[in-house]
Amino acid sequence: MRTLIKRALISNGPMDSITIKGWVRTRRNAKEFSFLEINDGSCLANIQCIADAGIPGYEDAARMTTGAAVGITGKLIESPGKGQQWEIHASHIELIGEAPADYPLQKKGHSPEFLRSISHLRPRANLYGATFRMRSRMAQAVHRFFDQRDFTYVHTPIITDSDCEGAGEMFRVTTLDPTSPEKQRFENDFFEKPTYLTVSGQLEGEAFATALSNIYTFGPTFRAENSNTTRHASEFWMIEPEMAFCDLEGDMDIAEEFTQYLVRDTLEHNDGDLDIFARFVDKGLIDRLEFVADKPFQRVSYTEAVEILEKSGKKFDYPVEWGVNLQSEHERFLTEEHFNSPVTVYNYPKSVKPFYMRTNEADNQGRETVTAMDVLVPGIGEIIGGAQREERIDILKANMAAHQLSEKDYRWYLDLRKYGTCPHAGFGMGFERMLMFVTGMKNIRDVIPFSRTPGSCDF
Ligand code: 4AD
Ligand code: MG
C-alpha cells in the first residue's frame, strides 16, 4: 500500500513500514548511504529518505537522478534534521522510471516563459504544483459556497448560437471544409446554422434561475479577443451565479461575499502552499489577503468613479470623461491608488454595455445608465462583471433592436419575460483572475494548466 507524502508528513507517530512513491527532487551520495528527497505532488514538501548502501535496489541508486520515478519502503522515523518532523529510513528502494540527464527541471530558477514551453512538465516544479493544488481547492470552495446557500449547479452548453456579450469575440464551431467553397454554406454545416463556443453561460443561466431561483454555472468559456495581456486567455473558466427576485444591490452583496469567502478559504485551507507564493512571488500577499477577507469593499457609482478619475490629475493613456468605458489603467487607479481596497463600481453608461442589462431612470442631466457592476481588486483590476437583468419585455426588445439582435433568434430569451417575468441578477467571476489574486501570480498563462492565448495553442 502506497502512502501519499502529504499523509506521511503529518503522521501521529513513527511507523514500522511505509511505502511512498514519487519523483526524485535531489539526491546526495555519501560513501555508505544516499539521501533522497522525494516529492509526489500531494503537497509542497518533499520527504527525506536515507538509503544505506547494500539494501535491495541500492544498485540502481546512481540512476535515481532528479526527475526519476522511485518507490521507497522503510520505517517512518523522527527526523533529527531541521525542517521536517519525519523521514524514511529505507529498507528497499526501487527505480521505477529513469530521468535521463536532459531532464529540463534539474535546477530551480527557470523563467515562467521557459516553463510555459514545457507545460507538460511544469506541474512538477514546486511553484506550479502549488498553483494547481490551489486551483483545485478553490474550485471546491466555489461549489461549497453555492451549495451552502442553496444554489443549484447548472451545466450550460459550450456550443451555442448566441453571442451573450455582443462583442463578436466568438470562435466558430463548424465541420465545413474550408478548402471546398461550394460546401461552405451554413445550411450544409453540422448544426445547419452558424454556431460558436460560448462566451458566457448567462443567458441559459437566466432560463434556469427563472425556474429554480438560485443557480450557478462553472465551466470553460471562450473569447476570440485579440488582447495579448497578462489577464486575458482565449479559454478560461467562469463562475456565473444567477438569482431570481434579486436586484443590483443583492447582486453586489453576493459578489462581494463570494470574493471574500474564496479569500478566507484560501487563507484557512491551503496545506502550506500559500507560503511559496508569499516567499517567492509576492511578499505582501498574506497581508493583502487578510485585508480583503475582513474589510468591506468600497462601492462607487460609475459617475462618482469618473469624477474621482477626473479630479486625480493623473495622465491616463485613455482620457476619462463620462460615457467612456473604464480601461484597466482607470480600474487599477481606483482600486490600487485611490481606495487601496477592492471596489465595486455600478451603474455604467448604457451605451457601453450589452443588451440584457436593466435600464435605470436617466439622471438629472438626461444621461442613461444600466444596472451593471464590476468588482475590481488591487493588482488585477476587474475580476467580476455582472448586472441586474432587464425583465421588462418592451424595454428588452428595444435594447435588442438597438444592438441589432433579431427577436426571432432570441425568442426563447424573450419567453423568460413573457411568462412570469421577475427581477433577477447575476454576475460572472473569472476563475483564473481570482486565482491570480490569491496567489499573486502575475500572468494568467501560469495559473491555467495549458493556456490558450492568441497565437498559442500547444499541448
Ligand atoms: O465581464 P464579463 O465579460 O461578463 C460576462 O460575461 C457576463 N455575461 C457575466 C454574467 O453576468 N453572468 O466576464 C466576466 C468575468 C470578467 O470580470 C473577468 O474576470 C473574466 O470573466 N474574463 C476573463 N478572464 C480571462 N480571460 C478573458 N479573456 C476574460 N474575459 C472575461
Ligand atoms: Mg466585464
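Thresholds, definitions, all that
- Residues numbered from 1 in each chain as written.
- Chains lettered and ligands numbered in written order.
- Predicted model: local features only at pLDDT ≥ 70, side-chain atom pairs only at ≥ 80, totals over all residues.
- Heavy atoms only, no water.
- Helix = DSSP H or I, 4+ residues; strand = E, 2+ residues; numbered from the N terminus.
- Buried < 20%, exposed > 50% of the residue type's maximum accessible area, 1.4 Å probe, protein only.
- Contact = heavy atoms within 4.5 Å.
- Areas by Shrake-Rupley, 256 points an atom, 1.4 Å probe, with all protein chains shown as cover.
- Lys, Arg positive; Asp, Glu negative; His and termini not counted.
- Charge placed at Lys NZ, Arg CZ, Asp CG, Glu CD.
- Pairing = 2+ DSSP bridges.
- Axes fitted to C-alpha atoms, helices over the stretch in contact; angles between N-to-C directions.
- Arc of directions from axis to C-beta.
- Parallel < 35°, antiparallel > 145°, perpendicular 65-115°, else oblique.
- Left-handed = near helix turned anticlockwise from the far one by under 90°.
- Near = heavy atom within 4 Å.
- Polar contact = N/O pair within 3.5 Å; in protein donor to acceptor, adjacent residues only side chain to side chain.
- Nonpolar A, V, L, I, M, F, W, Y, C, P; charged D, E, K, R; others polar.
- Core = buried A, V, L, I, M, F, W, Y, C linked by side-chain atoms within 4.5 Å.
- 1 Å grid on protein atoms, 1.4 Å probe; cavity = no way out; pocket = protein on both sides within 12 Å on 5 of 7 lines; lining within 4 Å.
- Points joined across faces, edges and corners; volume = space filled by probe spheres on them.

What follows concerns the overall build of the protein. What the protein contains, in helices and strands, is 12 helices and 16 strands. Considering only C-alpha atoms, the protein reaches an extent of 85 × 60 × 45 Å along its principal axes. For the protein, the residues scored as buried account for 51% of the 459 residues in total. Pairs at least 24 apart in sequence give 68% of the contacts found in the protein among residues at least 6 apart. Element-wise, carbon and sulfur atoms account for 51% of the exposed surface of the protein, whose accessible area totals about 22200 Å². Side chains of the protein give 52 positive and 68 negative charges; the mean places of these two sets differ by 5 Å.

Moving on, we come to the sheet that holds strand β5 (residues 86-97). Sheets are built from strands that pair by backbone hydrogen bonding, the pairs being arranged parallel or antiparallel. The 5 strands lie next to each other as β1-β2-β3-β5-β4, forming a closed barrel whose pairing is mixed. Direction aside, neighbouring strands of the sheet carry axes that sit 50° apart on average. Bridge count for strand β1 (residues 15-29) against strand β2 (residues 33-39) is 6 bridges, and the pairing is antiparallel. What sits directly across from Trp 23, in β2, is Asn 39.

For helix α7 (residues 285-294), the set of buried residues is Leu 285, Leu 289, Val 292 and Ala 293. All buried residues of α7 fall inside an arc of 100° around its axis, so they share one side. What points out from α7, more than 90 degrees from its buried face, is the exposed set Asp 287 and Asp 294.

Here we take up the environment of Asp 147. Assignment of secondary structure puts Asp 147 in helix α3 (residues 126-148). Since its relative accessible area comes to 56%, Asp 147 is described here as exposed.

The next thing to look at is the side chain of Thr 259. In this fold, Thr 259 is placed in helix α5 (residues 248-268). In contact with Thr 259, not counting residues within four places along its chain, are Phe 297, Ile 383, Ile 384, Met 429 and Met 434.

Attention now goes to the packing of α5 against α7. Packing of α5 against α7 leaves a shortest axis separation of 8 Å and a crossing angle of 135°. Considering their axes alone, α5 and α7 lie oblique with respect to each other. Crossing handedness for the pair α5 and α7: left-handed. Residues Gln 260, Val 263, Arg 264 and Leu 267 of α5 lie in contact with α7, whose contacting residues are Ile 286, Leu 289, Glu 290, Val 292, Ala 293 and Asp 294.

Moving on: the site of ligand 1. Among the 25 residues in the neighbourhood of ligand 1, the closest are listed as Glu 165, Gln 202, Glu 225, Glu 240 and Glu 382. A distance of 2.7 Å is found between a nitrogen atom of ligand 1 and a side-chain nitrogen or oxygen belonging to Glu 165. In the complex, 93% of the free accessible area of ligand 1, which totals 630 Å², lies under the protein chains. Contributing elements (two or more residues each) for the shell around ligand 1: β11 (235-244), β15 (381-388) and β16 (424-430). At 5 residues, the largest contribution of residues to the shell around ligand 1 is made by β15. Here the shell around ligand 1 is composed, by residue class, of 9 nonpolar, 8 polar and 8 charged.

Core analysis: the biggest nonpolar cluster contains 86 residues, and Ile 38, Ile 47 and Ile 72 have the highest contact counts within it. Sort the elements by how many residues they give to this core and α3 lands first, with 10 residues. With 33 residues, the next largest nonpolar core counts Leu 203, Val 300, Val 320 and Leu 326 among its residues.

This part is about empty space enclosed by the protein. A full pass over the atoms with the stated rule returns 2 cavities of 30 Å³ or more. In this structure, the largest cavity spans a volume of roughly 50 Å³. Lining the largest cavity are Met 134, Arg 137, Met 138, Asp 265, Thr 266, His 269, Leu 435 and Val 438. If one sorts the elements of the lining of the largest cavity by residue count, α3 sits on top with 3 residues. Considered class by class, the residues forming the lining of the largest cavity number 4 nonpolar, 2 polar and 2 charged. As a volume, the second largest cavity reaches approximately 40 Å³. As for the second largest cavity, its lining consists of Thr 160, Ser 162, Cys 164, Thr 198, Val 199, Ser 200, Leu 203 and Glu 204. For the lining of the second largest cavity, the per-class residue count stands at 3 nonpolar, 4 polar and 1 charged.

Turning our attention to the side chain of Ser 42. Here Ser 42 is to be found in the loop between β2 and β3 (47-52). With a relative accessible area of 14%, Ser 42 lands in the buried category. Polar side-chain contacts of Ser 42 include one of 3.0 Å to the backbone nitrogen of Lys 6. One polar contact links Ser 42 to Asp 40, side chain to side chain, over a distance of 2.6 Å. Setting aside its immediate chain neighbours within four residues, Ser 42 contacts Leu 4, Ile 5, Lys 6 and Arg 133.

The strand order across the open sheet formed by 8 strands is β6-β10-β11-β16-β15-β14-β13-β12, and the pairing between neighbours is mixed. For this open sheet the edge positions go to β6 (152-153) and β12 (298-301), each flanked by a neighbour on one side alone. As paired elements, β6 and strand β10 (residues 214-222) share 2 bridges and run parallel to each other. Counterpart to Tyr 153 in the pairing with β10 is Tyr 216. Helix α8 (residues 302-311) contacts β12 and β13 (343-349) of the sheet and is inclined by roughly 95° relative to β12. Strands β13, β14 (369-377) and β15 of the sheet are contacted by helix α9 (residues 328-338), whose axis makes an angle of about 60° with β14.

Where α8 contacts α9, the axes come no closer than 11 Å and their chain directions differ by 80°. As the angle between them shows, α8 and α9 are arranged roughly perpendicular. Within the contact between the two elements, α8 uses Ala 305, Ile 308 and Leu 309 and α9 uses His 330, Phe 333, Leu 334 and His 338. Its residues assigned to classes, the contact of α8 with α9 comprises 5 nonpolar, 2 polar and no charged.

Interpretation note: all reported values are geometric properties and have no functional meaning in isolation.
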